[in-house]
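Architecture at a glance
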Amino acid sequence: MQTLNTTALKRPEVLNGDPFLVIDNVSKIYPTPTGPYTVLDGINLTVYEGEFICLIGHSGCGKSTLLDMVSGFRKPSEGEVRLQTKRITEPGPDRMVVFQNYSLLPWLSAFENVYLGIDSVYPNKPKAEKVAIANEHLAMVGLADAANKRPRELSGGMKQRVSIARALALRPKVLVLDEPFGALDPITREELQEELLKIWSDHQVTVLMITHDIDEALFLADRLVMMTNGPAANIGEIMNIPFPRPRNRARIMEDPEYYNLRNQALDFLYRRFAHADE
Ligand SMILES: Nc1ncnc2c1ncn2[C@@H]1O[C@H](COP(=O)(O)OP(=O)(O)OP(=O)(O)O)[C@@H](O)[C@H]1O
């Protein structure tokens, strides 16, 4: 297994130099009926404030497990994850997660789905302020006119917009996205990628996002973290993505460097760390 020295990697110039989110020698071992199963083995990653990190790797290598330890849904078996030097031990509103399957409450409107989160985290804020925050975030994702619709009346893209609005309404420091656009058609997916970049730069939130799509990662991320296969997966390589921001998809795709990076990622996934069945 090849592991790159992550500390030697150059981080994007735009960021301040203090480590923001630190994954420090993290391993995860699940108990199974046939004995302990080591999913992740000694992961180290330092993320800087405001970075956009994409995570790619074959199915089952442990990407969700890793991000679950950032969001606090699971605990490391060894090592620790720290946000601004504080050890993460449980979920909190400073780290919000958006899943592929939207996870909206079907009996609540788009507005109510967003409002509920705000109300539970800030019960003592005046109601008018909470309503304003919910409306502001729905408008930000272009859903002001759909605020009263229930999830079953919304398209997949609209539901994912509500999920993003709900997460950002709590003003998290870290936004964790677990394959958020995996279920969307290609056009909606591209639209949402562009919206996400705008929101990311407006909110200055730090993003960790799992994707299976190399092009999506090259368009969005400052760095692409490529994972080796499990069991005992690790970070195999971290790719710096140098395209200037704001990014323009057409311009990036004219850049020969785009194809160099794309080939490098393909080589990693389908030659160096190919799945046995691929
Ligand atoms: N609670 C658990 N107990 C035992 N094994 C688990 C548990 N949760 C996940 N696993 C196993 O850990 C491995 C990593 O799972 P994980 O969901 O983190 O992978 P992933 O890279 O996110 O996969 P995908 O891309 O398919 O979503 C898998 O083999 C999975 O079966």
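What you are looking at is a predicted structure, and each value in this text was computed from that prediction instead of being measured.

Moving on: the UniProt feature "domain: ABC transporter" (unreviewed entry) in the protein. Summarizing the sequence annotation, UniProt attributes the feature "domain: ABC transporter" (unreviewed entry) to residues 21–254 in the numbering used throughout. Taken end to end, residues 21–254 is 34% helix and 28% strand, and its first and last C-alpha atoms sit 33 Å apart.

Before going further, it helps to examine the site of the ligand. The immediate surroundings of the ligand are formed by 13 residues, with S59, G60, K63, S64 and T65 found nearest. Contact distances for the ligand include 2.6 Å between an oxygen atom and a side-chain N or O atom of S59. Interatomic distance of 2.9 Å between a backbone N/O atom of G60 and an oxygen atom of the ligand. When the ligand is considered free in solution it has 640 Å² of accessible area, and contact with the protein chains removes 63% of it. Breaking the shell around the ligand down by element, the ones donating at least two residues are β2 (35–48) and α1 (63–71). Counting residues per element, the shell around the ligand draws most heavily on α1, which supplies 3 residues.

For the rest of this paragraph, the subject is the sheet that holds strand β1 (residues 19–32). Here we have 4 strands laid out as an open sheet, ordered β2-β1-β4-β5, and antiparallel in their pairing. Looking at the sheet topology across the chains shown, the edges are occupied by β2 and β5 (86–87). Note that strand β4 (residues 78–83) and β5 share 2 bridges and pair antiparallel. Of the residues in β5, the one forming a bridge with L83 is K86. Against the sheet, α1 makes contact with β1, β2 and β4, and its axis sits at roughly 120° relative to β1, the strand it touches most.

What follows covers the packing of helix α2 (residues 110–121) against helix α3 (residues 127–140). Contact geometry for α2 and α3: axes closest at 9 Å, N-to-C directions at 125°. Overall, the two elements α2 and α3 adopt an arrangement that is oblique. Note on packing geometry: the crossing formed by α2 with α3 is right-handed. Every residue of α3 that contacts α2 at A110, F111, V114, Y115, I118 and D119 is listed here: K127, K130, V131, I133, A134, N135 and L138.

Before going further, it helps to spend a moment on the side chain of R95. Its place among the elements puts R95 in strand β6 (residues 95–99). Reaching out from R95, the side chain makes a polar contact with the backbone oxygen of V70 at a distance of 3.1 Å. Setting aside anything within four residues of it in sequence, one finds R95 in contact with V70, S71, G72, L83, I88, E90, P172 and V174.

Counting buried positions along strand β8 (residues 206–210) gives 5 out of 5 residues, so the element sits mostly inside the fold. As defined by bridge partners, strand β3 (residues 52–56) adjoins β8 across 4 bridges and the pair is classed as parallel. The residue of β8 that forms the bridge with I53 is L208. Two strands pair when backbone bridges link them, and strand β7 (residues 174–178) and β8 are joined in this way by 5 bridges, in the parallel orientation. Note on β8: the bridge partner recorded for L175 is V207. This β-α-β element, β7 to helix α5 (residues 186–203) to β8, shows right-handed connectivity.

With the rule as written, the count across this model stands at 20 salt bridges. For R74, the salt bridge is made with D68, and the minimal N-O distance between the two is 2.8 Å. A salt bridge links E237 to R272; the shortest N-O distance between them is 3.0 Å. Residue E237 is found in strand β10 (residues 235–240), and its partner R272 is found in helix α8 (residues 256–272); the two are separated by 35 residues along the sequence.

The residue F181 is located in the loop between β7 and α5 in this model. Those residues in contact with F181 that lie beyond four places of it in its chain are Q160, I164, R189, L192, Q193, L196, M209 and E216.

Rules used in this analysis
Residues numbered from 1 in each chain as written. Predicted model: local features only at pLDDT ≥ 70, side-chain atom pairs only at ≥ 80, totals over all residues. Heavy atoms only, no water. UniProt positions renumbered as here; feature names shortened; annotations may be inferred. Helix = DSSP H or I, 4+ residues; strand = E, 2+ residues; numbered from the N terminus. Near = heavy atom within 4 Å. Polar contact = N/O pair within 3.5 Å; in protein donor to acceptor, adjacent residues only side chain to side chain. Areas by Shrake-Rupley, 256 points an atom, 1.4 Å probe, with all protein chains shown as cover. Pairing = 2+ DSSP bridges. Contact = heavy atoms within 4.5 Å. Axes fitted to C-alpha atoms, helices over the stretch in contact; angles between N-to-C directions. Parallel < 35°, antiparallel > 145°, perpendicular 65-115°, else oblique. Left-handed = near helix turned anticlockwise from the far one by under 90°. Buried < 20%, exposed > 50% of the residue type's maximum accessible area, 1.4 Å probe, protein only. Right-handed = clockwise from strand over helix to strand, strands pointing away. Salt bridge = Lys/Arg side-chain N within 4 Å of Asp/Glu carboxyl O.

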